[in-house]
Amino acid sequence: MTCPLLYRFRVIDRLPEPPSPAAARGTLVHAVLERLFDEPAPRRTPQTARALLQPQWERLVAAEPELAGLFADETERDAWLTEASQMLDRYFTLEDPTRLEPSHRELEVAATLESGLRLRGYIDRLDVAATGELRIVDYKTGASPREEFVARALFQMKFYAVALWLTRQQVPKLLQLIYLGNGEIVRYAPDEADLRATVRKIDAVWQAIQRARSSGDWRYRQSKLCDWCAHQSICPAFGGTPPPLPAVPGVVAPQTTGSIPPPAAAEQAPAPV
Ligand code: SF4
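Residues numbered from 1 in each chain as written. Predicted model: local features only at pLDDT ≥ 70, side-chain atom pairs only at ≥ 80, totals over all residues. Heavy atoms only, no water.

J.: Please explain helix α2 (residues 21-36) as it appears in this structure.
T.: Counting along an α-helix, one turn takes 3.6 residues, and residues three or four places apart therefore face a common direction. When the terminal C-alpha atoms of α2 are compared, their 22 Å separation across 16 residues agrees well with the 22 Å that a helix rising 1.5 Å per residue should span. Residues of α2 that are buried: A24, R25, G26, L28, V29, A31, V32, L33 and L36. (Helix = DSSP H or I, 4+ residues; strand = E, 2+ residues; numbered from the N terminus. Expected span 1.5 Å × (residues − 1). Buried < 20%, exposed > 50% of the residue type's maximum accessible area, 1.4 Å probe, protein only.)

J.: For this particular structure, what's the right way to read the site of the ligand?
T.: In the vicinity of the ligand, the contacting residues are C3, L6, Y220, R221, C226, C229, Q232, C235 and F238. Taken together, the residues of the shell around the ligand sort by class into 7 nonpolar, 1 polar and 1 charged. (Near = heavy atom within 4 Å. Nonpolar A, V, L, I, M, F, W, Y, C, P; charged D, E, K, R; others polar.)

J.: Help me understand the packing of α2 against helix α4 (residues 74-94), please; the structure alone is not making it clear to me.
T.: Pairs of packed helices are described in terms of their axes, by the angle between the two and the distance that separates them. α4 packs onto α2 with a crossing angle of 45° between their chain directions and a minimal axis gap of 10 Å. Classified by the angle between their axes, α2 and α4 sit oblique to one another. As α2 runs across α4, the sense of the crossing is right-handed. Where α2 abuts α4, its residues P21, A24, R25, L28, V29, V32, L33 and L36 lie against W80, L81, E83, A84, M87, L88, Y91 and F92. (Axes fitted to C-alpha atoms, helices over the stretch in contact; angles between N-to-C directions. Parallel < 35°, antiparallel > 145°, perpendicular 65-115°, else oblique. Left-handed = near helix turned anticlockwise from the far one by under 90°. Contact = heavy atoms within 4.5 Å.)

J.: Would you take a moment to explain the confidence of the model for the protein chain for this structure?
T.: Where the model shows low pLDDT, its predicted coordinates should not be examined in detail. When pLDDT is averaged along the protein chain, the result is 90, and 90% of the positions lie at 70 or above. This model gives residues 255-273 a pLDDT under 50, and the stretch forms 45 contacts once residues within four places in sequence are excluded. (pLDDT = per-residue confidence, 0-100.)

J.: What am I meant to see in the packing of aromatic side chains here?
T.: Any aromatic ring pair is given by two values, namely how distant the centres are and how the planes are angled relative to each other. Counted under the stated rule, the structure contains 7 aromatic pairs. Where Y7 meets W218, the ring centres are 5.8 Å apart and the plane angle is 25°; that geometry is what we call stacked. Taken together, the residues span a long stretch of sequence, with Y7 in helix α1 (residues 4-12) and W218 in the segment after α6 (192-215) at a distance of 211 residues. Here Y7 falls in the partly exposed class, since its relative accessible area comes to 27%. Since its relative accessible area comes to 1%, W218 is described here as buried. Feature note: the residues W57, F71 and W80 constitute an aromatic cluster, connected by ring pairs. (Phe/Tyr/Trp six-rings, centres within 6.5 Å; stacked < 30°, edge-to-face > 60°.)

J.: Would you explain the packing of α2 against helix α3 (residues 46-63) in this entry?
T.: Two elements in contact, α2 and α3, have axes whose closest approach is 9 Å; the angle formed by their N-to-C orientations is 125°. The angle between the axes of α2 and α3 places the two elements in the oblique class. The crossing of α2 and α3 is right-handed. Taking contact as the criterion, the partners of T27, L28, A31, V32, R35 and L36 in α2 are, on α3, T48, A49, L52, L53, Q56, W57, R59 and L60. Partitioned by chemical class, the residues of the contact of α2 with α3 number 9 nonpolar, 3 polar and 2 charged.

J.: Please explain the side chain of S144 as it appears in this structure.
T.: Assignment of secondary structure puts S144 in the loop between β3 (134-140) and α5 (150-168). In this structure the side chain of S144 is engaged in a polar contact, spanning 2.8 Å, whose partner is the side chain of N182. Among residues more than four places away in sequence, those in contact with S144 are Y179, N182 and E184. (Polar contact = N/O pair within 3.5 Å; in protein donor to acceptor, adjacent residues only side chain to side chain.)

J.: Help me understand the sheet that holds strand β2 (residues 118-128) in this model?
T.: The strands making up a sheet are joined through hydrogen bonds of the backbone, oriented either antiparallel or parallel. Strand order in this open sheet of 5 strands is β1-β2-β3-β4-β5, and the pairing throughout is mixed. Each of the sheet's edge strands pairs with one partner strand only, and the pair in question is β1 (104-112) and β5 (184-188). Here the average twist between neighbouring strands, direction ignored, is 35°. Pairing of β2 with β3 involves 4 bridges; the strand directions are antiparallel. By the bridge assignment, R125 is partnered in β3 with V137. The sheet contacts of α2 involve β1, β2 and β3, and relative to β1 the element is tilted by about 105°. (Pairing = 2+ DSSP bridges.)

J.: Sorry, what's going on with α3 here?
T.: If you check α3, its first and last C-alpha atoms are 26 Å apart, about what 18 residues at 1.5 Å a residue would give, namely 26 Å. Taking the largest bend as the criterion, α3 deviates by roughly 30°, centred on L53, and proline P55 comes between one and four positions later. Along α3, the residues classified as buried are T48, A49, L52, L53, Q56, W57, L60 and V61. Buried residues along α3 sit in contact with α2 and α4. (Bend = angle between axes of the 7 residues up to and from the residue.)

Below is the structure:
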């Protein structure tokens, strides 16, 4: 939905992307918030969260040693850890984890649409009320979006809601995005019509992917995301040329998108919700 060519680089070409401090901080903060709920409720304090930072960072580096090379020296790494710590402090201004008992953390959800498309994703946290109502919670380490981009941010949450709806036959009561970058919460109460519209949207995105897969026409779409894109050097928007598409057994490889201009607004299908 954001950039078809970036989707191609990531999913079709499977090009590696070097770790970035911002992405690593997101992983670290998520890991701490997940582990925080292993503690008995009275111990879910800012002090406990801060104490979890270093061991979680060491665990992440052990699993992915290249993370250790993200920082020039210890001073830079410590400044980065301080920012992560400030995000955790901000979390406690938004929720009181001593009063929460999540039903699941890092919950894998999977469902198959009527079209046959298989959906799969991970929910940061699922809360189930005593009355059985579901709340899907996602942590973001960036800042909350401007009003015109909230719907786009909610698409991911509606995607999870669809997966839960199809597997549990229950529309989640609340979708909750917690933005630790600026300390704001976005909440949305979906209804069944919302989720049906999301299913149509997901199917439309998948059809667009299949069309691009058979035509080789993976269009680039410039946005603020380009500033963080690891593939600028092979993106036509920045004067680069994409590599040939990887061969698929039994399929003649279509032409690559090297000289394709950015799409006109009317051609940009499907549009974000
Ligand atoms: S640099 Fe921008 S336009 Fe090019 S692939 Fe990355 S996100 Fe898409």
